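Below, each chain spelled out in residue letters.
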Amino acid sequence: MTERRLRKEAGPVGLLYASLGGMIGSGWLFGSLHAAKLAGPLSMWSWIIGAVAVLLLALVYSELVTLLPKSGALVHLSHLSHGDLLGRIWGWILFFGYVTIAPVEVMAVLTYANNYLPGLVDPHSGLLTHLGFFAAIICLALIVALNLLAIRWVLLINSAATWWKIAIPVLTIGVLLSHAHHVENLHAAAGHYEFSGIFTAVASAGVIFSFFGFRQAIDLAGETDNPSRNIPLAVIGSVLIAALIYVGLQFAFLLALDPAQIGNDWRSLHFTGVTGPLAALSVSVGATWWAIVLYADAIASPGGTGFIYTTASSRVTMAAGEMRTLPQSLAEVNGHGVPVRALIVTFLAGAIFFFPFPSWQKLVGYISSVTVLSYGLGPIVLLHLRRTLPDAPRPFRLRFVWLFAPAAFIISNWIVLWTGLATANVLFGMIAVMFLAYTAYHYLFRAAPKGAFGWRQIAWVFPYFIGLWLLLVYGPASLGGNGALSFGEDMLISAVFSLVIMGLALATGVRAEDSAEYLEQLISAPEQAAP
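Residues numbered from 1 in each chain as written. Predicted model: local features only at pLDDT ≥ 70, side-chain atom pairs only at ≥ 80, totals over all residues. Heavy atoms only, no water.

A.B. asks: Could you clarify how one ought to interpret the nonpolar core in this entry?
C.D. replies: Generally speaking, nonpolar side chains in soluble globular proteins are found buried as a group. Counting residues in hydrophobic clusters, the biggest one holds 151 residues, and the most contacted among them are Trp90, Phe211, Phe214, Leu373, Trp460 and Tyr464. Top contributing element to this core by residue count: helix α3 (residues 43-67), with 15 residues. Those residues within four positions of Tyr464 in sequence are excluded, and the remaining contacts are Trp90, Leu373, Phe409, Asn413, Phe497 and Ile501. Counting 20 residues, the second-largest nonpolar core is a separate cluster that includes Ala102, Ala135, Val338 and Ala351. (Core = buried A, V, L, I, M, F, W, Y, C linked by side-chain atoms within 4.5 Å. Buried < 20%, exposed > 50% of the residue type's maximum accessible area, 1.4 Å probe, protein only. Helix = DSSP H or I, 4+ residues; strand = E, 2+ residues; numbered from the N terminus. Contact = heavy atoms within 4.5 Å.)

Structural data, given as structure tokens:
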């Protein structure tokens, strides 16, 4: 049998560009408009809050992934702290959070392409047409096919595309501000947007979605030769660079708007006749030539992000195969270090999501909630391992961990709440169906003792999910609730609730000796497959 492993060919620059390439995708093409409609001139704060939230999570995961430098590490971490059952639940959440990114980027490409290839997107509903569905499947297949290349070529292609992806939004800031700068817009229609819109925009306008790309470096941790240096540099550096770009774009967008477009209500802001807000704004300020550039970038930016997310999605799927959360055959890699079967599953699952979520806006809210929910486990795992494995080698050690980790968990739960009740119903309903199906399979068909199910380790999960759902049900009307709690009251109660849940989770984690044994197995096990 010939051993086949993932190749350690990802350097610090490649990982930094992988994360940046994951962040600068479709979010910057649509996020400025949606954030302005929800928060008006305060929308710049939405990007700052989103960056702070992701940076907290990035710091947490920088320590975790250097402790466990394996590709698809996010899947392994939940097993490490709370055993097999919680690992399966979080593995499902991660899988669905990842495989939907490439489809949403494909939708962004087709939305802009509809301007010169009409018939892909319905101009009234914003949904894919029958032709659009066919084009979406072809685009997704092309992105997956390119990922059959060896990892060094994948990262080389992404690095080249990232230079373009950084340059275009930076130049867009300059173009918009040089053609129009209506400072009065920063005080326009002051009574026609809510302060809470700053926070709801983080979750539902594509703000937090735009920062999710930081995890690309984490997912490729097993393919770099110096994770202790390369991972923190890539993760933290990419978040800071992207934050500067996004805040600058929102500022330029606000000032470039004609005050007449705002009128008396930011919520009615829209552009007619042109699909794509930044291209439309470029036309309105007299920079039609730049709109043409943006149409070209609307292929490069989302396409590049979909490309690198497919790389990461296949690694997460591969890790789920290693943990048997998904079929074990998905863990196999070919002679070039590529998990081919995992890529095929990534394509099939992504294609399915075009049907229930046939628009960019519909998918973004779902992705934001499911992804942040999956990230929220990281602070719990970090604190658990600090307590159970205090002497384990940590190439990157987060200072003030007992401050940063709870803060990261609280803000993760806030973002889940900010996506609203309708999205939470879909998310928690999906998790419930998968859990019930697996429970039935375990007790009816699996040859394992009942005590091996892991009820103790997941005891905190039920009050956690139910509590978040109830906070939305009785929360403010702006989040879909019945208004029994104001926005501030809901956030305060959820912060206290988060700390209680974190305490329960830490109390039900696996024993120190089990964590140590499992960590040793993971570190020593090569990522390989039979030929």
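After that view of the structure, there is still more to cover.
A.B. asks: Sorry if this is basic, but what is going on with the confidence of the model for the chain here?
C.D. replies: Residues shown with low pLDDT carry predicted positions that ought not to be read at fine detail. When the pLDDT values of the chain are averaged, the result is 80; 84% of them are 70 or greater. Ranking the elements of the chain by mean pLDDT puts strand β2 (residues 528-529) last with 41 and helix α21 (residues 487-507) first with 95. Ignoring residues within four places in sequence, the model shows residues 1-6, a span with pLDDT below 50, making 28 contacts including any to other chains. Contacts from residues 527-531, a stretch scored under 50 in pLDDT, to residues over four places away or in other chains number 24 contacts. (pLDDT = per-residue confidence, 0-100.)

A.B. asks: Even after reading the chapter, I still don't get the packing of aromatic side chains, so can you show me in this structure?
C.D. replies: Aromatic ring pairs are described here by two measures, namely the spacing of the ring centres and the angle between the planes. In this structure the tally under the stated criterion is 16 aromatic pairs. Summarising the aromatic geometry, the rings of Trp289 and Trp290 are spaced 5.5 Å apart at their centres and angled 70 degrees between planes, so their arrangement reads as edge-to-face. On the accessibility criterion, Trp289 (48% relative accessible area) is partly exposed. The exposure class assigned to Trp290 is buried, which follows from its relative accessible area of 6%. For the pair Trp455 and Phe462, a centre-to-centre distance of 6.3 Å together with 25 degrees between the ring planes defines the contact as stacked. (Phe/Tyr/Trp six-rings, centres within 6.5 Å; stacked < 30°, edge-to-face > 60°.)

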